[in-house]
Amino acid sequence: MIGKDILFFNSLTSTNEYVKKHLDELDAGTIVTAKQQISGKGRRGRTWISNQGNLFFSLLLEKDYESNFSYVMRASTVLVRSLAEFGLDAKIKYPNDIMVRGRKIAGILIEAKADHIIIGVGVNVKEEKFETLEKKATSIKIETGHIFDPLDILYAFVKSCNEKLDDTEEQLYQKYLIHSYVIGKEINYKGQKATITKITRKGLLQISFDDTFRLVSMDDITLEELYYD
Ligand code: BTN
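Counting starts from 1 at the beginning of each chain's written sequence and moves along it residue by residue. The predicted origin of the model limits local features to residues at a pLDDT of at least 70 and limits the giving and counting of side-chain atom pairs to 80 or more, whereas totals for whole chains, interfaces and linings rest on all residues. Excluded from the side-chain calculations are hydrogens and water; all other atoms, namely the structure's heavy atoms, are used.

Angles shown run from 0 to 180 degrees and are taken between the N-to-C directions of axes, each axis being a line fitted to C-alpha atoms and, for helices, limited to the stretch in contact. Runs of E in the DSSP output that reach at least two residues are strands. Runs of H or I that reach at least four are helices, and both are numbered from the N terminus. With their axes 9 Å apart at the nearest point, helix H2 (residues 68-84) and helix H5 (residues 169-178) run at an angle of 55° to one another. In terms of orientation, H2 and H5 fall into the oblique class. In this structure, the crossing between H2 and H5 has a hand that is left-handed. Counted together, Phe-69, Ser-70, Val-72, Met-73, Arg-74, Ser-76 and Thr-77 of H2 and Glu-169, Leu-172, Tyr-173, Lys-175 and Tyr-176 of H5 form the full contact between these two elements. Orientation categories follow fixed angle ranges, with anything under 35 degrees roughly parallel, anything over 145 roughly antiparallel, 65 to 115 roughly perpendicular, and all other angles oblique. With the far helix as reference, a near helix turned anticlockwise by less than a right angle produces a left-handed crossing, and one turned clockwise produces a right-handed crossing. Every residue pair with non-hydrogen atoms within 4.5 Å of one another is taken to be in contact.

Have a look at this one:
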């Protein structure tokens, strides 16, 4: 069960960093959330802008699933399900960006430390405008017209996650595919036109060219071009 203990902070450098620093004092399943983060971290060393009114949390888990991709699938499918409760039809842009109308509404940063996994989630809740990212980012406010309490989204995540804790790897995989935003999309891979044809059970992306295909890992591809234009 997750979310039995939830630690609330007004401000933290980063909820992921807090969990990593206090790993020994926290039980598995604990969630740490902050109203704002001073240096929110995104994937690939990016910054995650963390203004008040949005949701930032990290979930601590013991490392016990079969593959790292399990965590990616679990976190992203649970997030999609949680956002549906707020009227949003979200999709997963490989590996774990959460998209609505082709724009990113939430991001997940999964880190490992010792025998633990830290799943950090950021959801754009109340932002009304994304200056330079207008075509790339969105928020629940922009999509629904309503401002929600970020904690209501967190509680939906906890509920949904606990309901789905027993999902098998295969069930997770099927749900992940159903909600995929990338399968069938055309991309330009190193100057060549290609189509994304599959995501394997191990979490590799299959991209097909005219007469061949190639498997790439989530560290090797960014899919930057797959935003609504
Ligand atoms: C991404 O899409 O690049 C991942 C963004 C993850 C942001 C969340 S906010 C809570 C947690 N703490 C952090 O510093 N980052 C994650």
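Attention now moves to the layout of surface pockets. Here a cavity denotes a set of grid points, spaced 1 Å apart and computed over the protein atoms alone, in which a 1.4 Å probe fits but from which it cannot get out, and a pocket denotes an open set meeting protein on both sides within 12 Å along at least five of seven lines; residues with an atom within 4 Å of a point are reported as lining. Grid points are joined across faces, edges and corners, and a volume is the space filled by probe spheres set on the points. A volume near 280 Å³ is recorded for the second largest pocket. Contributing elements (two or more residues each) for the lining of the second largest pocket: H2 and strand E6 (103-113). With 5 residues, the top contributor of residues to the lining of the second largest pocket is E6. Within the lining of the second largest pocket, the residues separate by chemical class into 8 nonpolar, 2 polar and 5 charged. Residues are sorted three ways: Asp, Glu, Lys and Arg are charged, Ala, Val, Leu, Ile, Met, Phe, Trp, Tyr, Cys and Pro are nonpolar, and all the rest, Gly among them, are polar.

Where empty space is left becomes clear once a probe the size of a water molecule has been rolled over the atoms. Within this structure, the stated rule accounts for 2 cavities of 30 Å³ or more. Of the volumes computed, that of the largest cavity is approximately 100 Å³. As for the largest cavity, its lining consists of 12 residues, and the residues nearest its centre are Arg-43, Arg-46, Lys-93, Asp-97 and Thr-222. Of the residues assigned to the lining of the largest cavity, the class counts are 4 nonpolar, 1 polar and 7 charged.

Turning to the nonpolar core, a few remarks are in order. Leu-83, Ile-98, Ile-119, Val-123 and Leu-205 are the most contacted members of the largest nonpolar core, which totals 55 residues. Here this core takes 9 residues from H2, the largest share from any one element. In this entry, domain limits derive from an automatic or database-based domain assignment. For this core, the two domains that each supply at least three residues are domain 1 (6-178) and domain 2 (186-226). Contacts of Ile-98, omitting those with residues within four sequence positions, involve Ser-76, Leu-79, Val-80, Leu-83, Ala-90, Lys-91, Ile-92, Arg-103, Lys-104, Ile-105, Ala-106 and Ile-108. Counting 9 residues, the second largest nonpolar core, distinct from the first, contains Tyr-18, Val-19, Leu-23 and Leu-26. Only buried residues count toward a nonpolar core. Its members are Ala, Val, Leu, Ile, Met, Phe, Trp, Tyr and Cys residues joined through side-chain atoms within 4.5 Å. To sort residues, take the accessible area from a 1.4 Å probe on protein chains only and compare it with the maximum for the residue type: under 20% means buried, over 50% means exposed, and anything in between is partly exposed.

Domain assignment breaks the protein chain into domain 1 (6-178) and domain 2 (186-226). Contact residues are listed per partner, giving 15 residues for domain 1 and 17 residues for domain 2. A simple way to read buried area is as the amount of 1.4 Å-probe accessible surface that goes missing from two parts once joined, with both sides added. Carbon and sulfur atoms supply 52% of the area that domain 1 and domain 2 bury against each other, a total of about 1,300 Å² over both sides. When the area that domain 1 buries against domain 2 is broken down by residue, the three leading residues are Arg-44, Tyr-94 and Tyr-173, summing to 46%.

We define proximity as follows: a residue is near a molecule or strand when any one of its heavy atoms falls within 4 Å of that partner. Not every one of the 20 residues close to the ligand is listed here, only the nearest: Ser-14, Gln-37, Lys-41, Arg-43 and Lys-104. Pairs of N or O atoms are called polar contacts if they sit within 3.5 Å, as long as, within protein, a hydrogen donor faces a hydrogen acceptor (for residues adjacent in sequence, only side-chain-to-side-chain pairs). With respect to the ligand, the side chain of Thr-15 contributes an N or O atom lying 3.1 Å from a nitrogen atom. Within the side chain of Lys-104, an N or O atom sits 2.5 Å from an oxygen atom of the ligand. Of all the secondary structure elements, the ones that give two or more residues to the shell around the ligand are helix H1 (15-21), strand E3 (55-62), E6 and strand E7 (116-123). Here the shell around the ligand takes 4 residues from E6, the largest share from any one element. When the residues that make up the shell around the ligand are grouped by side-chain class, the tally is 6 nonpolar, 10 polar and 4 charged.

Next up on the list: unusual backbone geometry. Here the residue pair Tyr-94 and Pro-95 is connected by a cis peptide bond, since its omega of 0° sits within 30 degrees of zero. Residue placement: Pro-95 occurs in the loop between strand E4 (91-93) and strand E5 (97-100). Of note, Arg-44 is a non-glycine position whose phi angle comes to about 55°, a positive value. Structurally, Arg-44 can be placed in the loop between strand E2 (31-37) and E3. When its relative accessible area of 40% is taken as the criterion, Arg-44 is described as partly exposed. Phi at Lys-190 is positive, roughly 50°, even though this residue is not glycine. Tracing the sequence through the fold places Lys-190 in the loop between strand E8 (186-189) and strand E9 (192-199).

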